[in-house]
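Structure at a glance
One-letter residues, chain by chain:
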Amino acid sequence: MITKEVIDSIIEYTSAENVKQGELLSGYTTFKIGGPARCLVEIDTVKQLTDVSKYLKSERIPFYVLGNGSNTLFSDEGYEGVVIHLGRKISDIRVEGNLIFAEAGAMLVRVSKEAQKASLSGLEFAAGIPGTVGGGVVMNAGAYDGELKQVVKSVSAVSPEGEFVTLSNKEADFGYRSSLMRREEYVITEVVFELQRGNADEILDKMNDFNERRRAKQPLDLPSAGSTFKRPEGNFAGKLIMEAGLAGFAVGGAKVSEKHCGFVVNTGNASSKDVLDLIKEVQQRVFETSGVNLEPEIEIVQ
Ligand SMILES: Cc1cc2nc3c(=O)[nH]c(=O)nc-3n(C[C@H](O)[C@H](O)[C@H](O)COP(=O)(O)OP(=O)(O)OC[C@H]3O[C@@H](n4cnc5c(N)ncnc54)[C@H](O)[C@@H]3O)c2cc1C
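Residues numbered from 1 in each chain as written. Predicted model: local features only at pLDDT ≥ 70, side-chain atom pairs only at ≥ 80, totals over all residues. Heavy atoms only, no water.

Let's shift gears to the layout of surface pockets. Taken as a whole, the second largest pocket spans an internal volume of roughly 250 Å³. Residue lining of the second largest pocket: 16 residues in total, with Asn-68, His-85, Leu-86, Arg-88 and Met-107 positioned closest to the centre. The residue makeup of the lining of the second largest pocket, split by class, is three nonpolar, 10 polar and three charged. Two domains each donate at least three residues to the lining of the second largest pocket, and these are domain 1 (4-86) and domain 2 (93-202). (1 Å grid on protein atoms, 1.4 Å probe; cavity = no way out; pocket = protein on both sides within 12 Å on 5 of 7 lines; lining within 4 Å. Points joined across faces, edges and corners; volume = space filled by probe spheres on them. Nonpolar A, V, L, I, M, F, W, Y, C, P; charged D, E, K, R; others polar. Domains from an automatic or database assignment.)

This is the structure:
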């Protein structure tokens with residue numbers, strides 16, 4: 001339970017201005033959905049992130065680390081624990097040779113731009129992923145010809161035991177949209193990317209090409225959390241959903257995008273329940289028509 005004592009301790013590790021109670025989470029996710037957080041703490045420094053997460057772990061208080069909220073569906077009832085929000089202040093990016101050191105709150109879009117400016121290749125695919133370094137690495141985000149596991153050299157994090165650790169790429173144990181950090185509640189503080197020397201113009205062309213393809217194929221004008229479902233082995237979720245006749249299928253304010261059936265979009269006033277009911281119906285109908293079980297890619301926080 002979040003008592004006054006807990007709130008006071010979090011304030012001690014951060015400041016009174018950083019701690020909000022009853023803040024609506026809809027303002028913190030790209031889906032624009034979510035009720036009030038019992039407590040939301042804005043994180044400004046790596047030390048605050050380490051201190052607050054260590055404290056919450058030691059007190060066994062439930063918490064959720066939130067980056068840009070571009071892969072998260074919060075409940076309409078909100079969240080009863082502590083939301084640790086990584087704001088813009090914990091987003092330093094430093095280039096050293098072919099390495100990029102990026103704090104967890106840095107946006108992947110910015111990191112890939114810095115890489116391009118330094119003529120470093122390998123992060124072009126991430127130029128249009130609207131997430132943070134922490135959220136991206138936890139998910140092993142990927143697109144087109146790449147995924148983050150190909151370029152992560154090491155990950156600094158607070159372990160589930162509350163220790164500060166640095167994991168190698170191998171120890172991070174990346175899989176398709178998964179990692180050790182996702183499975184075992186590590187809190188990422190910083191990531192080192194190792195890239196290849198390349199040609200800045202060619203890197204820029206590739207980034208522009210990927211972003212052009214996104215604009216042409218994805219419903220970027222409406223709130224969503226990107227691809228709702230994981231890609232099933234040897235197939236595409238969007239294709240199966242379209243073949244099940246579900247393009248434009250809606251529950252309340254949640255709709256299967258006609259532009260890209262793999263996206264569930266919020267047409268204005270979708271509730272979390274609308275999205276969850278829609279997901280269930282899509283899963284059932286796709287299973288009936290194709291025999292494939294679609295698994296959600298988004299983090300559903302109930
Ligand atoms: C329009 C659109 C397009 C998208 N395209 C793609 C795409 O091409 N490829 C792709 O893979 N994804 C895509 N996504 C999904 C999303 O952008 C990625 O998964 C992104 O990496 C999530 O980052 P985030 O900071 O928004 O994570 P959040 O939604 O804030 O969090 C996601 C998960 O990461 C955890 N997390 C966040 N920060 C940390 C941290 N510092 N330490 C530990 N855990 C943390 C959260 O607890 C949660 O489990 C898209 C989303 C949208 C809206």
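Having put the structure on the table, let's press on.
Here we come to the domain arrangement of the protein chain. The assigned domain composition of the protein chain is domain 1 (4-86), domain 2 (93-202) and domain 3 (219-301). When each unit is reduced to the centre of its C-alpha atoms, the spacing between domain 1 and domain 3 is 28 Å. Taken together, the 13 residues of domain 1 in the interface contact 17 residues of domain 3. In total, about 1,300 Å² of surface goes out of reach between domain 1 and domain 3, with carbon and sulfur atoms giving 58% of it. Broken down residue by residue, the surface that domain 1 buries against domain 3 is led by Phe-31, Asn-71 and Leu-73, which jointly contribute 53%. At the junction of domain 1 with domain 3, the criterion picks out zero salt bridges. Here domain 1 is connected to domain 3 by 11 residue pairs in polar contact (both at pLDDT 80 or more). Grouping the constituent residues of the side of domain 1 that touches domain 3 by class yields six nonpolar, five polar and two charged. (Contact = heavy atoms within 4.5 Å. Buried area = accessible area lost by both parts, 1.4 Å probe. Salt bridge = Lys/Arg side-chain N within 4 Å of Asp/Glu carboxyl O. Polar contact = N/O pair within 3.5 Å; in protein donor to acceptor, adjacent residues only side chain to side chain.)

Surrounding the ligand, one finds 34 residues, the nearest of these being Val-65, Gly-67, Ser-70, Thr-132 and Gly-142. Between the ligand and Asn-71, the relevant distance is 2.9 Å, taken from an oxygen atom to a main-chain nitrogen or oxygen of the residue. Backbone polar atom of Gly-135 to a nitrogen atom of the ligand: 3.4 Å apart, as the coordinates give it. Contact with the protein chains removes 93% of the 980 Å² of surface that the ligand exposes when unbound. Where the shell around the ligand is concerned, the elements lending two or more residues are β4 (63-66), α4 (133-139), β10 (142-143), β14 (187-194) and β16 (224-227). Residues belonging to the shell around the ligand are distributed by class as follows: 16 nonpolar, 15 polar and three charged. (Near = heavy atom within 4 Å. Areas by Shrake-Rupley, 256 points an atom, 1.4 Å probe, with all protein chains shown as cover. Helix = DSSP H or I, 4+ residues; strand = E, 2+ residues; numbered from the N terminus.)

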